[in-house]
Amino acid sequence: MTDSVIPQLIRKDLRLHRLQMVVSFGAGVLALAVMQRGGEVSLVLGSTWYFVAIIVLACLLPISMVQNERKKQTLAFVMSLPVSYIQYTTAKMVSTVLMFLAPWLMLLICALTLITTRNTLPHGAIPMILIMALLPVVGFSLILAAALVSESEGWAIAATVICNSTYGIAWYLITKTPSLTANWTGHVAIWDQAVLRLLSAEVGLVALMIGLTFLLQSRKRDFI
Amino acid sequence: MNDLAIELTGICKKYRYFSLDKISLKLPQGEIMGLIGANGAGKSTTIRILMGLIHQDDGEARVLGYPMPAEQVAAKRDIGFASEDMRLYDSMTLGWHTSFIQSIYPNWDAAYAQVLLKRFGLRADQKIKGLSHGQRVKSTLLLVLARKPKLLVLDEPTTGLDPVARHEILRELANVMADEGRSILFSSHNTQDVEQISDRITFIDRGRIIDSMDKELYLDRWRRLRLEVPSGVHLPALPGVIDVRQQGRLAVATANAFVPGLANAYETSGARVQCIENMTLEEIFVANVEHSREEVEA
């Protein structure tokens with residue numbers, strides 16, 4: 001017998017929720033197809049759909065993969081297996097992150113490919129696209145942490161509402177920051193200090209959220 | 001090797017409106033213990049502690065020799081746990097569930113799983129959401145039994161089942177015990193189910209173990225004596241009699257340590273013993289709970 005059942009739990013989650021991943025990826029590809037038609041309307045429409053697809057996935061996955069396990073009482077089934085709560089958290093974290101990052105990464109690569117090969121947007125916009133695309137990853141980490149740690153649908157929904165209302169504000173602030181927007185219409189992507197600091201802050205927030213989740217989960221005494 | 005499948009010593013767990021108070025119980029390997037208690041008595045909390053799902057505030061829990069919750073992963077490799085509030089994945093088939101469990105337990109007995117599938121009238125290709133409650137319980141039990149666990153922990157497995165399904169499940173549990181190394185902890189508020197299959201009975205009420213002993217010993221020790229009490233005769237307080245209720249000339253005495261000498265003692269006091277009745281496990285449980293509550297409140 002293998003020492004840990006984490007791989008089996010991850011495979012189980014991937015199998016159970018693969019439809020969500022495929023649908024959101026399909027929606028993202030559709031959005032990119034609209035974007036690459038050219039013209040301002042297609043660009044606005046396509047980029048909106050693109051981010052909506054990612055944001056919906058960021059909200060839906062933690063709810064369906066973590067909250068529903070508790071709500072539909074399948075958590076007792078999983079916890080009856082030879083698994084500790086930290087192992088369960090690890091498996092859940094890995095599978096949910098994989099399910100989110102796979103379509104997110106593929107869509108990001110598709111978007112960057114479109115920009116670089118078809119000149120849908122100036123190359124100077126690439127850093128900004130990355131900054132904006134990372135925001136839903138931060139939001140996803142917060143919702144996932146809230147769902148896992150709080151064990152409450154209410155807190156997970158609250159985290160979702162906070163994230164969704166923050167995206168607009170954050171994007172607005174970013175587009176109004178001269179040090180970030182100075183080069184976005186240029187023909188070359190400029191990776192200056194302001195861009196790198198913001199990207200590092202986003203990655204740092206994701207790491208902090210994951211670390212905090214493991215810390216709080218390891219201190220729990222009651223799991224069901 | 002430890003010859004106890006379960007050993008709980010002084011387990012305490014405090015919640016805002018409920019607490020487990022120094023729970024101690026022992027289940028020797030190869031035996032079936034029925035854990036009987038009313039709703040909210042503490043059965044599920046006790047079981048969750050011994051499964052490592054809840055950490056006790058105080059006391060020691062050992063399951064198959066492993067301290068819980070510290071070594072729950074190792075312990076759960078040899079435990080088959082099913083509870084009334086446990087659900088399988090609705091959108092998947094029973095076949096998918098068996099493959100999933102098989103990938104985790106190398107002892108999975110595919111031939112036995114097939115036998116159970118047939119015996120329980122289940123179909124591997126049917127999705128869980130299309131199954132009745134009874135079929136879902138049987139599916140869960142199939143997944144638990146075919147992994148050949150050393151210890152079965154079943155928390156109210158027969159709740160909500162029709163008589164036929166209950167009978168099928170109890171019969172299968174009895175079959176499981178043909179393997180003498182197996183142990184079962186079976187919780188229920190249905191005393192009939194517990195009485196059918198258990199070797200030992202433990203009563204739990206309001207977070208306390210109020211009694212625990214061999215089933216036959218319970219049935220042997222507990223008796224109800226119907227007495228006729230002539231006017232002027234006062235029934236004596238006798239050891240082993242926990243309750244006496246008198247209405248006019250008739251009285252009913254409940255004994256938890258019956259010996260033939262009790263009847264003689266009442267006769268000597270001037271009362272007439274009309275009959276001595278055996279008690280069902282349910283009657284013993286109710287009398288035990290009432291007696292325990294009176295003692296606590298006194």
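Residues numbered from 1 in each chain as written. Chains lettered and ligands numbered in written order. Predicted model: local features only at pLDDT ≥ 70, side-chain atom pairs only at ≥ 80, totals over all residues.

Examining the overall build of chain A
To keep things clear, this is the line we draw: Here a strand is any run of E in DSSP of at least two residues, a helix any run of H or I of at least four, and the numbering for each starts at the N terminus. C-alpha atoms define the radius of gyration in this analysis, and the globule rule sets the expected value at 2.2 Å times the number of residues to the power 0.38. Whether a residue is buried, exposed or partly exposed follows from its count of other C-beta atoms within 10 Å of its own C-beta, namely 20 or more, 12 or fewer, or something in between, respectively; the C-beta atoms are built from the backbone. Here the contact rule is simple: place C-beta atoms from the backbone, and any two residues whose C-beta atoms are within 7 Å are in contact.
The secondary structure content of chain A amounts to nine helices and zero strands. N-terminal to C-terminal, the α/β element order of chain A is α-α-α-α-α-α-α-α-α. What you see for chain A is a C-alpha radius of gyration of 19 Å, in line with the 17 Å of a compact globule of 224 residues. Structurally, chain A occupies a C-alpha span of about 55 × 35 × 30 Å along its principal axes. When the 224 residues of chain A are sorted by exposure, 35% land in the buried category. When contacts within chain A are restricted to residue pairs at least 6 apart in sequence, those whose partners lie at least 24 apart make up 77%.

Points about the domain arrangement of chain B
Put simply, the rule is: How far each domain reaches was decided by an automatic or database domain assignment.
Structurally, chain B comprises domain 1 (4-218) and domain 2 (223-278). A separation of 40 Å is found between the C-alpha centroids of domain 1 of chain B and domain 2 of chain B.

Considering the interface of chain A and chain B
It is common to give the size of an interface as the accessible area lost on bringing the parts into contact. Stated precisely, the cut-off is as follows: Here the nonpolar group is Ala, Val, Leu, Ile, Met, Phe, Trp, Tyr, Cys and Pro; Asp, Glu, Lys and Arg are the charged ones; every other residue, Gly included, is treated as polar.
Facing 20 residues of chain A, the contacting portion of chain B comprises 20 residues. Breaking the side of chain A that touches chain B down by element, the ones donating at least two residues are α1 (6-16) and α4 (75-79) of chain A. Class assignment of the residues belonging to the side of chain A that touches chain B gives a composition of 11 nonpolar, five polar and four charged.

Things to note about the confidence of the model for chain A
Our working definition: Each residue carries a pLDDT score, the predictor's own confidence in it, on a scale running from 0 to 100.
Taken residue by residue, chain A gives an average pLDDT of 87. The fraction at 70 or more is 98%. Ranking the elements of chain A by mean pLDDT puts helix α8 (residues 178-181) of chain A last with 82 and α1(A) first with 94.

Concerning the sheet that holds strand β14 (residues 272-278) of chain B
In a beta sheet, neighbouring strands pair by backbone hydrogen bonds and run either parallel or antiparallel. All names here are of chain B. Short version of the rule: In this analysis, strands are considered paired if DSSP registers two or more bridges between them. What counts as an axis is a line fitted to C-alpha atoms, over the stretch in contact for a helix, and the angles between N-to-C directions run from 0 to 180 degrees.
The strand order across the open sheet formed by four strands is β12-β13-β11-β14, and the pairing between neighbours is antiparallel. The sheet terminates laterally at β12 (241-247) and β14, the two strands that pair on one side only. Along the sheet, successive strands turn relative to each other by an average axial angle of 20°, direction set aside. Two elements, strand β11 (residues 223-228) and β14, share six bridges in a ladder whose sense is antiparallel.

As for the sheet that holds strand β1 (residues 4-14) of chain B
Residues and elements named next belong to chain B. Taken in spatial order, the four strands line up as β2-β1-β4-β5 in an open sheet, and their pairing is antiparallel. Each end of this open sheet is capped by a strand with a single partner; those strands are β2 (19-28) and β5 (66-68). Averaged over all adjacent pairs, the angle separating strand axes in this sheet is 20°, with direction ignored. Direction of pairing for β1 relative to β2: antiparallel, over a ladder of seven bridges. If you follow K13 over to β2, its bridge partner there is L20. Contacts from helix α1 (residues 43-50) reach β1, β2, β4 (58-63) and β5 within the one sheet, and its direction differs from that of β1 by about 115°.

Thoughts on helix α9 (residues 193-218) of chain A
Rule in force here: Each residue after the first adds 1.5 Å to the expected span of a helix.
Over its 26 residues, α9(A) extends 37 Å from the first C-alpha to the last, a length consistent with the 38 Å expected when each residue adds 1.5 Å. Taken together, the buried residues of α9(A) touch α5 (85-118), α6 (126-150) and α8 of chain A.

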